[in-house]
Amino acid sequence: MNIRLLAKRNIQGNAQRYLAYFFSIVLSVSIFFIYASFIFHPDVVHANIPGGQLISEGLIAAEIVIIIFSVFFIAYSNAAFIQPRKKEFGLLTLLGMSKSQLRKLIYLEQTMVSLISILIGVGLGFLFSKLFLMAVSWLLAVEQPISFVIVPEAFIYTIVGFILLFQLLSLLSLFHIGNAEVVDLLKDKQKPKKTPFVSKWLVALSAVCLSISYYLACTLSLNNSYIRVLPIVFFVLIGTYFLFSQSIVALCRRLYRKKKSLYGGTNLITQTNLIFNIKDYSRLFFLTSIITAVILTAAGTLFMFSADLKKQGMDNIPQSIGWVENDASIYSVIEPSAVENTLKEDGFKILYEVNMTGVPITHMLPHMRTGEPNENRSLLISESDYNNAAALRKIEPAKLSGKEALYIFPYGGLDYQFVHKGEQKELHFGNGTIQVTMVGQRNQSIVAPIKAATTLMVVDDQLYHEITADVPLKEMARVRGYEVKDWEESMETSSEIEQMSNNHNQLQTRAPIYQEMKQGSILILFIGLFVSLLFFIVQGSMMYLRVFTNLEDKKIQIHALHRLGLTKKEIRQILSAEIRILFFAPFLIGVIHAIVAYVALSNLLESNLFVYSSMVIATYFLFQLLYYQVTKKIYERAVINSIK
């Protein structure tokens, strides 16, 4: 018997415990290799693929996330493998194994597992990289599919990178066990567990932190999001950590005092086990709940953004074809007849058209960040023209009288108020100036927000005619627009109209912008799907490791309970309850965090995302339930079969 053979047999003997860890590492390596194969693909490097560089940047970000996540997972797993085997290490030391030999044994075990995982992961990644390239080719809609080639850089970066990562983390894990004394190793499991300490102040701190984070998230808007994101993350992490390490413990102790509930069925054993193990579970609960929240929030955000893309396109680009003429007396950008004929020839039905004139004006508005007044340009239009266009887009009409004015800002996601109700404002046009009273601001677009018509100032019809009575038509601007049925399919037609125009900067078409955003969002969703799947597998593996870490102790406890008269059915109830808490307590908190994030996202997009978020949560729950059932069956079989 030598150390290498002993390490091999230890791996074989702990195969059940290594299973989930091994599968997670293989998946991590496979995804990393597939992404690296695309990043270093010759067609991507030489920019032969349209949009390839953008995907490459997204994949690089995903690679970084995978590496960071792998560091935490491998470090956690190494600690989980070593902890239950301290008695075994103590016996080996007592039998004459030196500390250097013990370190070598642990190092060889972890190195063998890591090398096998890396080799299988790279092999699977290589097999599925062709499928990945085909999928990306289809999503990019390229004429020639991306060719499958062997990318040496992918092999080098994946194999060398993960070997160095494993070696570093393996060496770090040796210090704790290597410096422990024999008596500490032998008696590690014999140390009695104390009732976990609960601080009322820390319980209150968790409630305060979560309340603050939820309030900040639910009142999030586009103009304050950049200063709120980090505080929200900070308070969520602090609040969640103390929720599991303090608040849940306090709740368990309170339930434990209700003696009537303890004496029903197997509640006494289940709750007692939970109270004395909750301290050990708290870190796992914290990590898995945060991972769950991250998965649900990221996957939900990508899915909801993709699903809501059409509405966003219609909100931000009000007409399928729209343009602005700086001189209202002529059509220098494109002739309306040319647009109409092109649409009709290609079989597209025009639902409505917009044709309005306005006067370019200047006025003072506060800067979004500094609040300092700055000169801004807007297009002054009449109340009738605004209401006609608003009716076509099913927007509430304006009601003005006298010298009242309404300011129209085209971007709905930004709720910054540039003007306030009752505010007096001077409008400058040509050589004239007029003072108006603002009735408020609306963040919506009714015509193409281009150049002079980016923002609008609406006034009463009579006031508008008084202002424009002496303004020649050539000093006014004209806004034209056509809404088309089935505009999503008008890519080629829109491109043809753009080529016909004399000034591309003055013309806006919805279909190309929508298709580009749709293509990008699908690619991001496609990339995020793999990363989310990896996160899910890893957090499930952490639970699996936690369950099987104390398997031997659980067998001893269950064997004693069986001798006292508990049936196998009651034992299964105890095991199921413990695993159910382990899987679904952090899941519940993660879902609550994600729902708050969905509320914030709904506010930013100004959309009701309840249906989308429910679909994401339900899908995740089904996967979690499947993982729970598989783990429960394996665990119950391992424990029940030990009963004689």
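Criteria and thresholds
- Residues numbered from 1 in each chain as written.
- Predicted model: local features only at pLDDT ≥ 70, side-chain atom pairs only at ≥ 80, totals over all residues.
- Heavy atoms only, no water.
- Helix = DSSP H or I, 4+ residues; strand = E, 2+ residues; numbered from the N terminus.
- Buried < 20%, exposed > 50% of the residue type's maximum accessible area, 1.4 Å probe, protein only.
- Salt bridge = Lys/Arg side-chain N within 4 Å of Asp/Glu carboxyl O.
- Arc of directions from axis to C-beta.
- Contact = heavy atoms within 4.5 Å.
- Pairing = 2+ DSSP bridges.
- Axes fitted to C-alpha atoms, helices over the stretch in contact; angles between N-to-C directions.
- Parallel < 35°, antiparallel > 145°, perpendicular 65-115°, else oblique.
- Left-handed = near helix turned anticlockwise from the far one by under 90°.
- Nonpolar A, V, L, I, M, F, W, Y, C, P; charged D, E, K, R; others polar.
- pLDDT = per-residue confidence, 0-100.
- Polar contact = N/O pair within 3.5 Å; in protein donor to acceptor, adjacent residues only side chain to side chain.
- Patch = residues over 30% accessible without salt bridge, like charges linked within 9 Å, V, L, I, M, F, W, Y side chains within 5 Å.
- Areas by Shrake-Rupley, 256 points an atom, 1.4 Å probe, with all protein chains shown as cover.
- Phe/Tyr/Trp six-rings, centres within 6.5 Å; stacked < 30°, edge-to-face > 60°.

Chemist: Help me get a handle on the overall build of the protein chain, residues and values and all.
Modeler: Counting its regular elements, the protein chain contains 21 helices and 9 strands. Looking at the protein chain as a whole, 49% of its 644 residues are labelled buried.

Chemist: Account for the pattern of salt bridges, naming residues and giving values.
Modeler: In the structure shown here, the tally under the stated rule is 3 salt bridges. As a salt-bridge pair, E353 and R480 come within 2.7 Å of each other at their nearest N and O atoms. A residue pair is termed long-range when its members are at least 10 positions apart, and E353 in strand β2 (residues 350–366) and R480 in strand β8 (residues 477–484) qualify at 127 residues. Of the residues examined, E353 reaches a relative accessible area of 40% and is grouped as partly exposed. R480 gets classed as buried once you look at its relative accessible area, which sits at 5%.

Chemist: Explain helix α15 (residues 383–392) to me, using residue names and the numbers behind them.
Modeler: Every buried residue of α15 is listed here: E383, Y386, N387, A389 and A390. Within α15, the buried residues cover an arc of 165° as seen down the axis, which keeps them to one side. Facing away from the buried side of α15, by more than 90 degrees, are the exposed residues N388 and A391. Tucked inside the fold, the buried residues of α15 contact β2, β3 (373–382), β4 (404–409), β6 (432–443), β7 (456–459) and α16 (461–468). Count one or two residues on from α15 and you reach K394, which has phi positive near 60°.

Chemist: Provide a residue-level description of unusual backbone geometry, including the pertinent values.
Modeler: Even without being glycine, K451 reaches a positive phi, approximately 45°. Of the residues examined, K451 reaches a relative accessible area of 52% and is grouped as exposed.

Chemist: Break down the pairing of β7 for me, with residues and values.
Modeler: Of the two faces of β7, the one carrying L456 and V458 and the one carrying M457 and V459 are both buried. Summarising the sheet, β3 and β7 pair through 4 bridges and their orientation is parallel. Among the inter-strand pairings, S382 is bridged to a residue of β7, identified as V459. In the sheet, β4 pairs with β7 via 4 bridges, with the strands oriented antiparallel. When the sheet's bridge partners are listed, A405 is paired in β7 with V459.

Chemist: Tell me about the packing of helix α17 (residues 491–500) against helix α18 (residues 510–549), residues and numbers included.
Modeler: The N-to-C vectors of α17 and α18 enclose an angle of 125°; their axes lie 8 Å apart at closest approach. Between α17 and α18, the angle is such that the two are oblique. α17 and α18 meet at a crossing whose hand is left-handed. Along its contact with α17, which presents M491, S494 and E498, the element α18 presents A511, P512 and Q515. The class makeup of the residues in the contact of α17 with α18 is 3 nonpolar, 2 polar and 1 charged.

Chemist: Please give an account of helix α14 (residues 336–345) that cites residues and values.
Modeler: One turn of the α-helix equals 3.6 residues, which is why residues spaced by three or four share an orientation. Buried residues of α14: P336, V339, T342 and L343, and no others. Buried positions in α14, seen along its axis, are confined to an arc of 135° and lie on one side of it. Facing away from the buried side of α14, by more than 90 degrees, are the exposed residues K344 and E345. In this structure, the buried side of α14 is in contact with β1 (321–325), β2, β8 and α17. Where α14 ends, the next residue or the one after it, G347, has phi of about 85°, a positive value.

Chemist: Kindly report on the pairing of β8, identifying the contributing residues and their values.
Modeler: Among the 8 residues of β8, 8 are classified as buried, and the element is accordingly described as predominantly covered. Here 5 bridges tie β1 to β8, and the two strands are oriented antiparallel to one another. Within the sheet, the bridge partner assigned to V324 lies in β8 and is V479. Judged from the 8 bridges that link them, β2 and β8 form a sheet pairing that is antiparallel. Bridge pairing in β8 places M356 opposite V479.

Chemist: Go over the confidence of the model for the protein chain with me, naming the residues and quoting the values.
Modeler: Taken over all residues, the pLDDT of the protein chain has a mean of 81, while the share at 70 or more is 88%. The secondary-structure element of the protein chain with the lowest mean pLDDT is helix α8 (residues 182–186), recorded at 51, while β7 shows the highest, at 93.

Chemist: Could you give me a rundown of the side chain of S501, with the residues and numbers involved?
Modeler: Assignment of secondary structure puts S501 in the loop between α17 and β9 (507–509). For S501, the side chain forms a polar contact with the main-chain oxygen of E498, separated by 2.7 Å.

Chemist: Break down a nonpolar patch on the surface for me, citing the residues and quoting the values.
Modeler: On the surface, I116, I120, L124, L127, F128, L131 and M134 cluster together into a nonpolar patch covering about 670 Å² of accessible area. Accessibility expressed as a relative area gives 47% for F128, which makes it partly exposed.

Chemist: Describe the packing of aromatic side chains, naming the residues involved and giving the relevant values.
Modeler: Each aromatic ring pair is described using two quantities: the centre-to-centre distance and the angle formed by the ring planes. In the structure shown here, the tally under the stated rule is 25 aromatic pairs. Between F33 and F155, the aromatic rings sit 4.8 Å apart at their centres with planes inclined by 70°, giving edge-to-face as the arrangement. Residue F33 is found in helix α2 (residues 15–39), and its partner F155 is found in helix α7 (residues 152–178); the two are separated by 122 residues along the sequence. Of the aromatic side chains, those joined through ring pairs into one cluster are F536, F583, F584, F587, Y620, F621, F623, Y627 and Y628.

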